[in-house]
Amino acid sequence: MATFGHSNEFDYKRDTKYLCRIMKHCITAQTLDLDFILHFLSTYTCEQRLILVHDLEFEYEYKLVDMVLERPESSMRSCTLAMLIEPIELYVRDFRDLLTMKHLNQISSDISRKLVEILLPLSNQEIAKFQETYELLFENSTEKDIIIVLGKESILSKLLRCFLQGKRYEEPGHSATLAKEIAKRLYEAGEGTPGIDYDTFIKIFTHDSFPQLSAIFDIYEDKYGRPIQEAIEREFANEIDINCFQDIAEYTRSPGVYYSKILRQALEQNPIDYPTLIRIIIGHHDRDLCEICLEYSKIYDETLDQTIKTRLDIFEIKRLFILIITNGKDISSDLVSQVLFEHSNNSSPTGSSIISTTSTSTGSNGMRRNRSSEAFEKLVNVFKTMRHH
């Protein structure tokens, strides 16, 4: 795991005590400084953050997760929460949020592909933990909520519930003989007969291992003359179902390419799709983020951190994402150097500052930059709290 530049000698008692002092200050000020908390947490691994959060509650009775959840909904709140919980819980909360927004008609875009994206990479063991966490948090089963929102007979509902059975074959490798047989079953369920047997597609796409699926798709294309994605588009009736099954096929071929495209779409949305960025960059950090970043740079001729640096409009989230992606590069140090340079160039001959305490400027990337001496002092104080090697 990356350590993001903090001391290798992790002393959770010392650091929890320091975090407790931050909490006391927040209570006194009657506000929870999410910017500062996110900045502080970014110097720890996921495992270390969980230890700090649990020890903070056990030793000092501060329930940081609950305190963050009490804040008004915002991208900063979502990002801070993601840093306080396990990735599985992050996926569970996002899954529930999507179902809730769909049920209450609070979202205009389709949620189907995001629901599939959340479940698609999970192992059978993780699926079991997903369902256990869901029921613990929301006192209802995932399957019941899916049926409430999506119905029982829709293709998407059946697909998601089949994912949640956690019955995917997980042994490495594949059988060429079996792949030929299953490719034939797929053809007969789709192109080879009038209508389409969706249940066969669902079972194969959710139960066969990914190496086996990849072999099946290769044989399908060789034997029947078209890629499986094209066959799905020709035979499936509903665009939502087409997109979901094509996504599974793309993930099977290359998870890194699949998630790179999702990240790019999230970055290009207006407004920016922060929940998706948070879920993938923070949630996949210890899973496959390195592979995703590599594929992203191949597809788009720029690194993911370069795109984030120019497109995100919330500095602390931008800083955190770049810190995670680059394994320790802190753009805040660039900002400090910039502020020091500007402070020096705008000083009077007598040494007294002529910078207005209220003036602001906008950089080329659209970020609002506060140039007041108060803001500079706060930034320096934040860096004083960071621990170095």
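Before reading further, recall that the structure is shown in the block above.
Computed from a predicted structure; not experimentally measured. (Residues numbered from 1 in each chain as written. Predicted model: local features only at pLDDT ≥ 70, side-chain atom pairs only at ≥ 80, totals over all residues. Heavy atoms only, no water.)

**Points about the overall build of the protein chain**
Part 1: The secondary structure content of the protein chain amounts to 22 helices and two strands.
Part 2: Burial analysis of the protein chain (389 residues in total) assigns 50% to the buried set.
Part 3: Intrachain contacts of the protein chain at a sequence separation of at least 6 include 69% that bridge at least 24 residues.
Part 4: When the accessible area of the protein chain is evaluated, it comes to approximately 19,800 Å², of which 48% is carbon and sulfur surface. (Helix = DSSP H or I, 4+ residues; strand = E, 2+ residues; numbered from the N terminus. Buried < 20%, exposed > 50% of the residue type's maximum accessible area, 1.4 Å probe, protein only. Contact = heavy atoms within 4.5 Å. Areas by Shrake-Rupley, 256 points an atom, 1.4 Å probe, with all protein chains shown as cover.)

**Brief notes about the environment of Ser 157**
Part 1: Within the secondary structure layout, Ser 157 lies in helix 10 (residues 155-163).
Part 2: Accessibility expressed as a relative area gives 0% for Ser 157, which makes it buried.
Part 3: Sequence spacing of Ser 157 and Glu 143 is 14 residues, and the spatial spacing of their C-alpha atoms is 8.7 Å.
Part 4: Residues in contact with Ser 157, not counting those within four places in the same chain, are Ile 146, Leu 150, Gly 151 and Lys 152.

**As for the nonpolar core**
Part 1: By size, the foremost hydrophobic cluster in this structure holds 110 residues, and its most contacted members are Met 23, Phe 95, Phe 130, Phe 205 and Phe 321.
Part 2: Here this core gets eight residues from one element, more than from any other, and that element is helix 13 (residues 210-224).
Part 3: Ignoring sequence-local partners within four residues, the contact set of Met 23 consists of Leu 32, Ile 37, Leu 56, Tyr 62, Leu 64 and Met 67. (Core = buried A, V, L, I, M, F, W, Y, C linked by side-chain atoms within 4.5 Å.)

**Describing the side chain of Thr 206**
Part 1: Along the chain, Thr 206 turns up in helix 12 (residues 198-207).
Part 2: Overall, Thr 206 belongs to the buried group, its relative accessible area being 3%.
Part 3: Contact partners of Thr 206, with chain neighbours within four places excluded, come to Leu 159, Cys 162, Phe 163 and Arg 168.

**Regarding the environment of Leu 289**
Part 1: Here Leu 289 lies in helix 18 (residues 289-300).
Part 2: Ignoring sequence-local partners within four residues, the contact set of Leu 289 consists of Ile 280, Ile 281, His 284, Ile 324 and Ile 325.

**Describing the pattern of salt bridges**
Part 1: Going through the model one piece at a time under the given rule, you end up with 24 salt bridges.
Part 2: Here Glu 86 ties to Lys 129 by a salt bridge, and the two come within 2.8 Å at their closest N and O atoms. You can see Glu 86 sitting in the loop between helix 5 (75-82) and helix 6 (87-103) and its partner Lys 129 sitting in helix 8 (residues 124-138), a full 43 residues away along the chain.
Part 3: Judged by its relative accessible area of 35%, Lys 129 falls in the partly exposed class.
Part 4: Note that Asp 145 is salt-bridged to Arg 96, the shortest N-O span being 2.7 Å. Residue Asp 145 is found in helix 9 (residues 142-150), and its partner Arg 96 is found in helix 6; the two are separated by 49 residues along the sequence.
Part 5: The exposure class assigned to Asp 145 is buried, which follows from its relative accessible area of 9%. (Salt bridge = Lys/Arg side-chain N within 4 Å of Asp/Glu carboxyl O.)

**Re the packing of aromatic side chains**
Part 1: Inspection of the entire model under this criterion finds 21 aromatic pairs.
Part 2: Ring geometry for Phe 201 and Phe 245: centres 6.5 Å apart, planes at 85°, overall edge-to-face. Here Phe 201 is found in helix 12, whereas its partner Phe 245 is found in helix 15 (residues 239-253), with 44 residues between them in sequence.
Part 3: The exposure class of Phe 201 is buried, given its relative accessible area of 3%.
Part 4: A residue is classified by how much of its surface remains accessible, and Phe 245, at 0% relative accessible area, is buried.
Part 5: Both rings, one in Tyr 251 and one in Tyr 258, keep their centres 5.6 Å apart while their planes meet at 85°; by these two values the pair is edge-to-face. (Phe/Tyr/Trp six-rings, centres within 6.5 Å; stacked < 30°, edge-to-face > 60°.)

Note that every value here comes from positions in space, so none of it alone points to a role or purpose.
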